[in-house]
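Listed below are the residues making up each chain.
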Amino acid sequence: DTEVTQTPKHLVMGMTNKKSLKCEQHMGHRAMYWYKQKAKKPPELMFVYSYEKLSINESVPSRFSPECPNSSLLNLHLHALQPEDSALYLCASSQDLDSLYQETQYFGPGTRLLVL
Amino acid sequence: QKEVEQNSGPLSVPEGAIASLNCTYSDRVSQSFFWYRQYSGKSPELIMSIYSNGDKEDGRFTAQLNKASQYVSLLIRDSQPSDSATYLCAGGRYGGSQGNLIFGKGTKLSVKP
(Lines give C-alpha, C1' and ligand atoms only; values in the text may rest on other atoms or scores of the structure.)
Protein backbone atom coordinates (compact mmCIF):
# COMPACT_ATOMS: atom_id res chain seq x y z
CA ASP A 1 0.00 0.00 0.00
CA THR A 2 1.51 3.32 -1.07
CA GLU A 3 -1.30 5.59 0.02
CA VAL A 4 -0.90 9.12 1.26
CA THR A 5 -4.15 10.86 2.17
CA GLN A 6 -4.83 14.58 2.30
CA THR A 7 -7.72 16.64 3.61
CA PRO A 8 -9.52 18.68 2.58
CA LYS A 9 -9.63 18.08 -1.18
CA HIS A 10 -10.66 21.67 -1.83
CA LEU A 11 -10.36 24.80 0.30
CA VAL A 12 -11.49 28.36 -0.28
CA MET A 13 -10.27 30.94 2.21
CA GLY A 14 -10.09 34.66 2.63
CA MET A 15 -6.88 36.54 3.22
CA THR A 16 -7.66 36.96 6.93
CA ASN A 17 -8.59 33.34 7.58
CA LYS A 18 -6.60 30.66 9.37
CA LYS A 19 -6.87 27.14 8.03
CA SER A 20 -4.90 23.90 8.11
CA LEU A 21 -4.12 21.21 5.57
CA LYS A 22 -3.65 17.67 6.79
CA CYS A 23 -1.67 14.76 5.45
CA GLU A 24 -1.45 11.18 6.70
CA GLN A 25 0.49 8.08 5.71
CA HIS A 26 0.58 4.62 7.26
CA MET A 27 3.50 3.17 5.32
CA GLY A 28 5.99 3.62 8.13
CA HIS A 29 7.78 6.31 6.16
CA ARG A 30 10.01 8.62 8.16
CA ALA A 31 10.30 11.50 5.70
CA MET A 32 7.36 13.71 4.72
CA TYR A 33 7.18 16.65 2.36
CA TRP A 34 5.02 19.62 1.40
CA TYR A 35 5.02 20.83 -2.19
CA LYS A 36 3.22 23.67 -3.94
CA GLN A 37 2.20 23.30 -7.58
CA LYS A 38 0.90 26.06 -9.82
CA ALA A 39 -0.87 25.31 -13.09
CA LYS A 40 1.37 23.96 -15.87
CA LYS A 41 4.41 24.02 -13.55
CA PRO A 42 6.23 21.18 -11.77
CA PRO A 43 5.86 20.78 -8.00
CA GLU A 44 8.02 23.12 -5.89
CA LEU A 45 9.39 21.81 -2.61
CA MET A 46 8.35 23.79 0.47
CA PHE A 47 9.29 21.72 3.54
CA VAL A 48 10.85 18.37 4.41
CA TYR A 49 10.45 16.56 7.72
CA SER A 50 12.70 13.69 8.71
CA TYR A 51 11.92 11.69 11.86
CA GLU A 52 9.42 14.39 12.84
CA LYS A 53 12.02 17.15 12.70
CA LEU A 54 12.09 19.93 10.13
CA SER A 55 14.97 19.15 7.77
CA ILE A 56 14.43 21.58 4.91
CA ASN A 57 12.60 24.90 4.66
CA GLU A 58 12.90 26.22 1.13
CA SER A 59 12.67 29.87 2.24
CA VAL A 60 8.90 29.65 2.50
CA PRO A 61 7.07 32.75 3.84
CA SER A 62 6.06 32.54 7.49
CA ARG A 63 2.37 32.62 6.59
CA PHE A 64 2.91 28.90 5.91
CA SER A 65 3.68 26.98 9.10
CA PRO A 66 4.35 23.24 8.99
CA GLU A 67 3.87 20.84 11.86
CA CYS A 68 4.64 17.14 12.27
CA PRO A 69 2.74 15.88 15.35
CA ASN A 70 3.91 12.29 14.83
CA SER A 71 5.55 10.09 12.24
CA SER A 72 2.28 9.52 10.35
CA LEU A 73 0.87 13.03 10.29
CA LEU A 74 1.90 16.27 8.66
CA ASN A 75 0.02 19.54 8.87
CA LEU A 76 0.39 22.83 7.05
CA HIS A 77 -1.09 25.81 8.90
CA LEU A 78 -2.12 28.73 6.75
CA HIS A 79 -2.59 32.31 7.91
CA ALA A 80 -2.95 35.62 6.09
CA LEU A 81 -2.42 34.09 2.69
CA GLN A 82 -2.34 36.05 -0.55
CA PRO A 83 -4.29 35.32 -3.76
CA GLU A 84 -1.00 34.26 -5.41
CA ASP A 85 -0.80 31.43 -2.88
CA SER A 86 -3.69 29.74 -4.68
CA ALA A 87 -2.32 26.42 -5.92
CA LEU A 88 -2.42 22.65 -5.52
CA TYR A 89 -0.68 21.69 -2.27
CA LEU A 90 0.82 18.25 -2.35
CA CYS A 91 2.03 16.09 0.49
CA ALA A 92 4.50 13.29 -0.15
CA SER A 93 6.34 10.71 1.90
CA SER A 94 9.38 8.50 1.47
CA GLN A 95 10.99 5.71 3.44
CA ASP A 96 13.78 7.91 4.69
CA LEU A 97 16.31 10.51 3.59
CA ASP A 98 19.01 8.28 2.17
CA SER A 99 22.51 9.64 2.13
CA LEU A 100 23.43 8.11 -1.22
CA TYR A 101 20.25 7.88 -3.25
CA GLN A 102 17.11 9.93 -3.41
CA GLU A 103 14.32 7.80 -1.96
CA THR A 104 11.13 7.32 -3.92
CA GLN A 105 8.51 9.88 -2.95
CA TYR A 106 4.82 8.98 -3.03
CA PHE A 107 2.36 11.82 -3.43
CA GLY A 108 -1.05 12.32 -1.90
CA PRO A 109 -4.01 13.53 -3.97
CA GLY A 110 -3.42 17.16 -3.02
CA THR A 111 -5.52 20.02 -1.67
CA ARG A 112 -6.72 22.57 -4.21
CA LEU A 113 -6.50 25.94 -2.42
CA LEU A 114 -8.15 29.14 -3.58
CA VAL A 115 -7.38 32.36 -1.71
CA LEU A 116 -9.85 35.18 -2.28
CA GLN B 1 22.22 24.26 -18.25
CA LYS B 2 19.06 23.61 -16.26
CA GLU B 3 19.36 20.79 -13.75
CA VAL B 4 16.68 18.59 -15.31
CA GLU B 5 15.43 19.41 -18.79
CA GLN B 6 12.49 17.96 -20.66
CA ASN B 7 10.89 18.85 -23.95
CA SER B 8 7.55 20.35 -22.89
CA GLY B 9 5.81 18.99 -25.97
CA PRO B 10 3.05 18.42 -26.64
CA LEU B 11 4.03 15.01 -27.95
CA SER B 12 1.31 13.41 -30.00
CA VAL B 13 1.34 9.72 -30.94
CA PRO B 14 -1.32 7.44 -32.43
CA GLU B 15 -2.87 4.70 -30.33
CA GLY B 16 -0.74 1.58 -30.35
CA ALA B 17 2.51 3.42 -31.13
CA ILE B 18 5.58 3.79 -28.95
CA ALA B 19 5.84 7.09 -27.08
CA SER B 20 9.37 8.21 -26.25
CA LEU B 21 9.88 10.78 -23.51
CA ASN B 22 13.31 12.22 -22.89
CA CYS B 23 15.10 14.01 -20.11
CA THR B 24 18.65 15.33 -19.69
CA TYR B 25 20.30 16.34 -16.46
CA SER B 26 23.26 18.33 -15.19
CA ASP B 27 26.17 17.38 -12.92
CA ARG B 28 24.24 18.78 -9.96
CA VAL B 29 21.73 15.94 -10.18
CA SER B 30 22.43 12.63 -8.49
CA GLN B 31 21.83 9.44 -10.35
CA SER B 32 18.46 8.46 -8.93
CA PHE B 33 15.66 9.19 -11.36
CA PHE B 34 11.92 8.98 -11.28
CA TRP B 35 9.17 9.22 -13.83
CA TYR B 36 5.81 10.49 -12.62
CA ARG B 37 2.57 10.69 -14.58
CA GLN B 38 0.21 13.55 -13.81
CA TYR B 39 -3.30 13.78 -15.16
CA SER B 40 -4.79 17.26 -15.39
CA GLY B 41 -5.92 18.43 -11.96
CA LYS B 42 -4.50 15.35 -10.21
CA SER B 43 -1.35 14.64 -8.23
CA PRO B 44 1.82 13.01 -9.62
CA GLU B 45 1.74 9.22 -9.71
CA LEU B 46 4.98 7.25 -9.71
CA ILE B 47 5.53 5.26 -12.90
CA MET B 48 9.08 4.06 -12.37
CA SER B 49 12.35 4.71 -10.61
CA ILE B 50 15.79 3.94 -12.06
CA TYR B 51 19.18 4.10 -10.39
CA SER B 52 21.49 1.98 -12.54
CA ASN B 53 22.79 2.41 -16.06
CA GLY B 54 20.73 0.52 -18.62
CA ASP B 55 17.08 -0.41 -19.05
CA LYS B 56 14.37 -1.19 -16.55
CA GLU B 57 11.07 -2.62 -17.74
CA ASP B 58 7.68 -2.69 -16.03
CA GLY B 59 4.78 -3.80 -18.19
CA ARG B 60 4.40 -1.38 -21.11
CA PHE B 61 6.93 1.03 -19.61
CA THR B 62 10.71 0.97 -20.05
CA ALA B 63 13.01 3.47 -18.39
CA GLN B 64 16.51 3.93 -19.76
CA LEU B 65 19.41 5.61 -17.97
CA ASN B 66 22.64 6.58 -19.72
CA LYS B 67 24.98 8.14 -17.16
CA ALA B 68 27.73 8.92 -19.66
CA SER B 69 25.34 11.03 -21.73
CA GLN B 70 23.38 12.28 -18.68
CA TYR B 71 20.21 11.15 -20.31
CA VAL B 72 17.14 9.33 -19.01
CA SER B 73 14.14 8.29 -21.06
CA LEU B 74 10.75 6.62 -20.72
CA LEU B 75 9.29 4.47 -23.47
CA ILE B 76 5.61 3.62 -23.46
CA ARG B 77 4.75 0.71 -25.73
CA ASP B 78 1.27 0.16 -27.19
CA SER B 79 0.25 3.67 -26.13
CA GLN B 80 -3.36 4.07 -25.06
CA PRO B 81 -5.55 7.18 -24.88
CA SER B 82 -5.49 6.70 -21.10
CA ASP B 83 -1.73 7.39 -21.21
CA SER B 84 -2.49 10.99 -22.21
CA ALA B 85 -1.04 13.04 -19.37
CA THR B 86 1.95 15.14 -18.40
CA TYR B 87 5.04 13.09 -17.61
CA LEU B 88 7.46 14.53 -15.07
CA CYS B 89 11.10 13.48 -14.94
CA ALA B 90 12.76 14.03 -11.55
CA GLY B 91 16.21 13.45 -10.08
CA GLY B 92 17.78 13.79 -6.68
CA ARG B 93 20.09 16.69 -5.85
CA TYR B 94 23.79 15.97 -5.35
CA GLY B 95 25.25 17.34 -2.14
CA GLY B 96 23.15 19.94 -0.40
CA SER B 97 20.11 18.84 1.51
CA GLN B 98 18.81 15.36 1.02
CA GLY B 99 15.17 15.09 0.11
CA ASN B 100 15.24 17.52 -2.78
CA LEU B 101 13.66 16.16 -5.92
CA ILE B 102 14.50 18.27 -8.94
CA PHE B 103 11.69 18.16 -11.47
CA GLY B 104 11.78 18.86 -15.15
CA LYS B 105 8.98 21.01 -16.52
CA GLY B 106 7.12 17.95 -17.77
CA THR B 107 6.20 16.64 -21.22
CA LYS B 108 2.56 16.61 -22.21
CA LEU B 109 1.69 13.42 -24.07
CA SER B 110 -1.42 13.07 -26.19
CA VAL B 111 -2.38 9.62 -27.52
CA LYS B 112 -4.86 9.88 -30.38
CA PRO B 113 -7.40 7.06 -30.90
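None of these values were measured; they are calculated from a predicted model. (Residues numbered from 1 in each chain as written. Chains lettered and ligands numbered in written order. Predicted model: local features only at pLDDT ≥ 70, side-chain atom pairs only at ≥ 80, totals over all residues. Heavy atoms only, no water.)

Student: Explain the overall build of chain A here, please?
Tutor: When helices and strands are tallied, chain A shows 0 helices and 11 strands. Secondary structure elements of chain A, listed N to C terminal, follow the sequence β-β-β-β-β-β-β-β-β-β-β. Compactness check: chain A gives a C-alpha radius of gyration of 14 Å against a globular reference of 13 Å for 116 residues, within 12% of the reference. Once the C-alpha set of chain A is aligned to its principal axes, its extents read approximately 40 × 30 × 30 Å. (Helix = DSSP H or I, 4+ residues; strand = E, 2+ residues; numbered from the N terminus. Rg over C-alpha atoms; globule rule 2.2 N^0.38 Å.)

Student: Help me understand the pattern of salt bridges in this model?
Tutor: Side chains carrying opposite charge are able to pair once their charged atoms draw close together. Evaluated as defined, the whole model comprises 7 salt bridges over all chains. Here aspartate 85 of chain A and lysine 36 of chain A are joined by a salt bridge, their closest N and O atoms 3.9 Å apart. Taken together, the residues aspartate 85 of chain A in the loop between β8 (73–79) and β9 (87–94) and lysine 36 of chain A in strand β4 (residues 31–37) connect sequence positions 49 residues apart. Per residue, the accessibility class of aspartate 85 of chain A equals that of lysine 36 of chain A, and both read buried. Note that arginine 28 of chain B and glutamate 3 of chain B form a salt bridge whose closest N and O atoms lie 3.9 Å from each other. Residue arginine 28 of chain B is found in the loop between β3 (19–25) and β4 (29–38), and its partner glutamate 3 of chain B is found in the segment before β1 (4–6); the two are separated by 25 residues along the sequence. Among the charged side chains, a network of salt bridges with common partners joins Lys36, Arg63 and Asp85 of chain A. (Salt bridge = Lys/Arg side-chain N within 4 Å of Asp/Glu carboxyl O. Buried < 20%, exposed > 50% of the residue type's maximum accessible area, 1.4 Å probe, protein only.)

Student: I keep staring at the interface of chain B and chain A and nothing clicks. Help me out?
Tutor: For interface size, the figure often reported is the accessible area lost on association. Contacts between chain B and chain A engage 22 residues on the former and 24 residues on the latter. Across the chain B/chain A interface, buried area totals approximately 1,700 Å², and carbon plus sulfur atoms make up 57% of it. Inspection of the chain B/chain A interface yields 3 residue pairs in polar contact (both at pLDDT 80 or more). Counting only elements with at least two residues in the side of chain B that touches chain A, the list comes to β4, β5 (45–50), β9 (85–93) and β10 (101–103) of chain B. The element that contributes the greatest number of residues to the side of chain B that touches chain A is β4 of chain B, accounting for 5 residues. Partitioning the side of chain B that touches chain A into residue classes produces 8 nonpolar, 12 polar and 2 charged. (Contact = heavy atoms within 4.5 Å. Buried area = accessible area lost by both parts, 1.4 Å probe. Polar contact = N/O pair within 3.5 Å; in protein donor to acceptor, adjacent residues only side chain to side chain. Nonpolar A, V, L, I, M, F, W, Y, C, P; charged D, E, K, R; others polar.)

Student: Help me understand the packing of aromatic side chains in this model?
Tutor: The way to describe two aromatic rings as a pair is by their centre distance and the angle between their planes. Going through the model one piece at a time under the given rule, you end up with 9 aromatic pairs over all chains. An aromatic cluster is built from Tyr33, Tyr35 and Phe107 of chain A together with Tyr36 and Phe103 of chain B, whose rings are joined through pairwise contacts. (Phe/Tyr/Trp six-rings, centres within 6.5 Å; stacked < 30°, edge-to-face > 60°.)

Student: Even after reading the chapter, I still don't get the side chain of serine 26 of chain B, so can you show me in this structure?
Tutor: Residues and elements named next belong to chain B. Take serine 26: it is sitting in the loop between β3 and β4. A residue is classified by how much of its surface remains accessible, and serine 26, at 5% relative accessible area, is buried. The contact partners of serine 26, leaving out residues within four places of it in the chain, are Gln1, Lys2, Glu3 and Gln70.

Student: Where do I start with the sheet that holds strand β3 (residues 18–25) of chain A in this structure?
Tutor: Strands in a sheet are paired, the pairing made by backbone hydrogen bonds, and the direction either parallel or antiparallel. All names here are of chain A. With antiparallel pairing, the 4 strands of this open sheet are ordered in space as β1-β3-β8-β7. Because the sheet does not close on itself, it has two edges, and the strands there are β1 (4–7) and β7 (64–70). Strand-to-strand twist of the sheet, defined as the mean angle between neighbouring strand axes without regard to direction, takes the value 20°. (Pairing = 2+ DSSP bridges. Axes fitted to C-alpha atoms, helices over the stretch in contact; angles between N-to-C directions.)

Purely geometric stuff here, so don't read any function into it on its own.
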